[in-house]
Amino acid sequence: MSDHTPSLADLRREIDVLDDQILDLLRRRAEAVQRVATTKRSTGEEGFLRPGREAQIIRHLIARHRGGLPAASVSRIWREMIAALYPVQARTVKVAVHAPNKSAARWDLARDWYGSTTPLQLCTTATAVMRAISAQPAAIGVMAQPEDGEKESWWPQLASRSPDTPRVIARLPFVPNPRGSLAELDAYVIANAAPEESGEDRSLLVLAMTESAPSIARISALLAQVGLEGRVLAQHRRGEDGARVLLESDGFMAADDARLAALIAADPKLIDDAVVIGAYAVPLPADPA
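(A) Examining the packing of aromatic side chains more closely. One pass over the full model with this rule turns up five aromatic pairs. The interplanar angle of 40 degrees and the centroid separation of 6.5 Å between the aromatic rings of Tyr-86 and Tyr-114 together place this pair among those described as tilted. Of this pair, Tyr-86 sits in the loop between helix 3 (71–84) and strand 1 (94–98) while Tyr-114 sits in helix 4 (residues 104–114); the two residues are 28 residues apart in sequence, bridging distant segments of the chain. The burial state of Tyr-86 is the same as that of Tyr-114; both residues are buried. Taken together, the ring pairs connect Phe-48, Tyr-86 and Tyr-114 into an aromatic cluster. For Arg-79, the ring lying beneath its charged end belongs to Tyr-114, and the centroid distance is 5.6 Å.

Okay, here's the thing in structure tokens:
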């Protein structure tokens, strides 16, 4: 063996040193978060969720990451750390998981993003998730992907301008793992928090329609007329009295976006109302490694 070739004992000692350094940096990061919480309280700023900021952190790390760990693992490590420090800024954080079929996969999706120490509650109905969020301001809901014809649609419950109405703040998975069981599963995250711009976003809006089966082509034409590029994700009929349509649009839309009023004015006989129910940072592509 060459004198320049480290022994296994040398390599293990190097790992021990690195572990100590990593732990010291984790402690320093936790202390920095504590200072952030103290500053927030002194300035009167409320809330612990910064969905746009969190997305920017993960995007930066994945862009900087090279080799070794898969991107999904890097994301999981940081998400564990971020979620573990939520209680520094909020007393009790809980995640209510909307799993109509008691899906263990959606539970795993929530655990992946919100860490091993955050309490999770399985809810078989969207109403149960809404109750959990209403009862606890620091609760987060992980909601099933909307579908046409589903028995209970959760997204129409967000079509209100009341400040107490939860909003969509994220979409999961943010960093997909193509080798995992969650590769084909998507979910939206809702909370009593304002959506936050991340730099690359999509917005969700709900149209209240006077027709029970509105024309998708007509809706698309109206969106284009006011400068919106939207895609219909789901519809929810309200008997013969009309329907609600869930749309996704590129870019970040504020609740008072002027295009909403323009959209209603473009065909007031067809559109009763248009409400932004949230926005989310565009997830990263699957890790090619």
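(B) A look at the pairing of strand 6 (residues 201–209). Most of strand 6 is tucked away: eight of the nine residues are buried. Pairing of strand 6 with strand 9 (residues 271–281), which is carried by nine bridges, proceeds in the antiparallel orientation. By the bridge assignment for strand 9, Leu-207 is matched with Ala-274.

(C) Structural context of a negative patch on the surface. Together, Asp-16, Asp-19, Asp-20 and Asp-24 give the surface a local cluster of negative charge. On the secondary structure map, Asp-24 appears in helix 1 (residues 8–43). Assessed through its relative accessible area of 39%, Asp-24 is described here as partly exposed.

(D) Main features of the side chain of Arg-106. Residue position: Arg-106 is located in helix 4. It turns out Arg-106 is buried and unbridged, and the closest side chain with the opposite charge, Glu-147, is 6.9 Å from it.

(E) Expanded view of helix 2 (residues 51–64). Over its 14 residues, helix 2 extends 20 Å from the first C-alpha to the last, a length consistent with the 20 Å expected when each residue adds 1.5 Å. Within helix 2, the full set of buried residues consists of Pro-51, Gly-52, Glu-54, Ala-55, Ile-57, Ile-58, Arg-59, Leu-61 and Ile-62.

(F) Seen up close, the pattern of salt bridges. Taken as a whole, this structure holds 13 salt bridges when the rule is applied. The residue Asp-10 makes a salt bridge to Arg-13 at a minimum N-O spacing of 2.3 Å. Of this pair, Asp-10 and Arg-13 both sit in helix 1, three residues apart, which is roughly one turn of that helix. Relative accessible area serves as the criterion here: at 48%, Arg-13 is assigned to the partly exposed category. Where Asp-273 meets Arg-161, a salt bridge forms, and the shortest distance between an N and an O atom there is 2.8 Å. Note that Asp-273 is positioned in strand 9 and Arg-161 in the loop between strand 3 (139–144) and strand 4 (167–172), a separation of 112 residues in sequence. Looking at Asp-273, the relative accessible area reads 24%, which means it is partly exposed.

(G) Structural detail: the environment of Asp-256. Inspection of the secondary structure assignment puts Asp-256 in the loop between strand 8 (243–250) and helix 7 (258–266). Owing to a relative accessible area of 66%, Asp-256 belongs among the exposed residues under this scheme. Counting along the chain gives 19 residues from Asp-256 to Val-275, while the straight-line C-alpha distance between them is 8.9 Å.

(H) Molecular detail of the packing of helix 2 against helix 3. Their axes nearest at 10 Å, the elements helix 2 and helix 3 cross at an angle of 145 degrees. Crossing handedness for the pair helix 2 and helix 3: right-handed. Contacts from Glu-54, Ile-57, Ile-58, Leu-61 and Ile-62 in helix 2 reach Ala-71, Val-74, Ser-75, Trp-78, Arg-79 and Ile-82 in helix 3. Across the contact of helix 2 with helix 3, the residue classes break down as eight nonpolar, one polar and two charged.

Rules behind the numbers
Residues numbered from 1 in each chain as written. Predicted model: local features only at pLDDT ≥ 70, side-chain atom pairs only at ≥ 80, totals over all residues. Heavy atoms only, no water. Phe/Tyr/Trp six-rings, centres within 6.5 Å; stacked < 30°, edge-to-face > 60°. Helix = DSSP H or I, 4+ residues; strand = E, 2+ residues; numbered from the N terminus. Buried < 20%, exposed > 50% of the residue type's maximum accessible area, 1.4 Å probe, protein only. Lys NZ or Arg CZ within 6 Å of the ring centre and 35° of its normal. Pairing = 2+ DSSP bridges. Patch = residues over 30% accessible without salt bridge, like charges linked within 9 Å, V, L, I, M, F, W, Y side chains within 5 Å. Areas by Shrake-Rupley, 256 points an atom, 1.4 Å probe, with all protein chains shown as cover. Salt bridge = Lys/Arg side-chain N within 4 Å of Asp/Glu carboxyl O. Lys, Arg positive; Asp, Glu negative; His and termini not counted. Charge placed at Lys NZ, Arg CZ, Asp CG, Glu CD. Expected span 1.5 Å × (residues − 1). Axes fitted to C-alpha atoms, helices over the stretch in contact; angles between N-to-C directions. Left-handed = near helix turned anticlockwise from the far one by under 90°. Contact = heavy atoms within 4.5 Å. Nonpolar A, V, L, I, M, F, W, Y, C, P; charged D, E, K, R; others polar.

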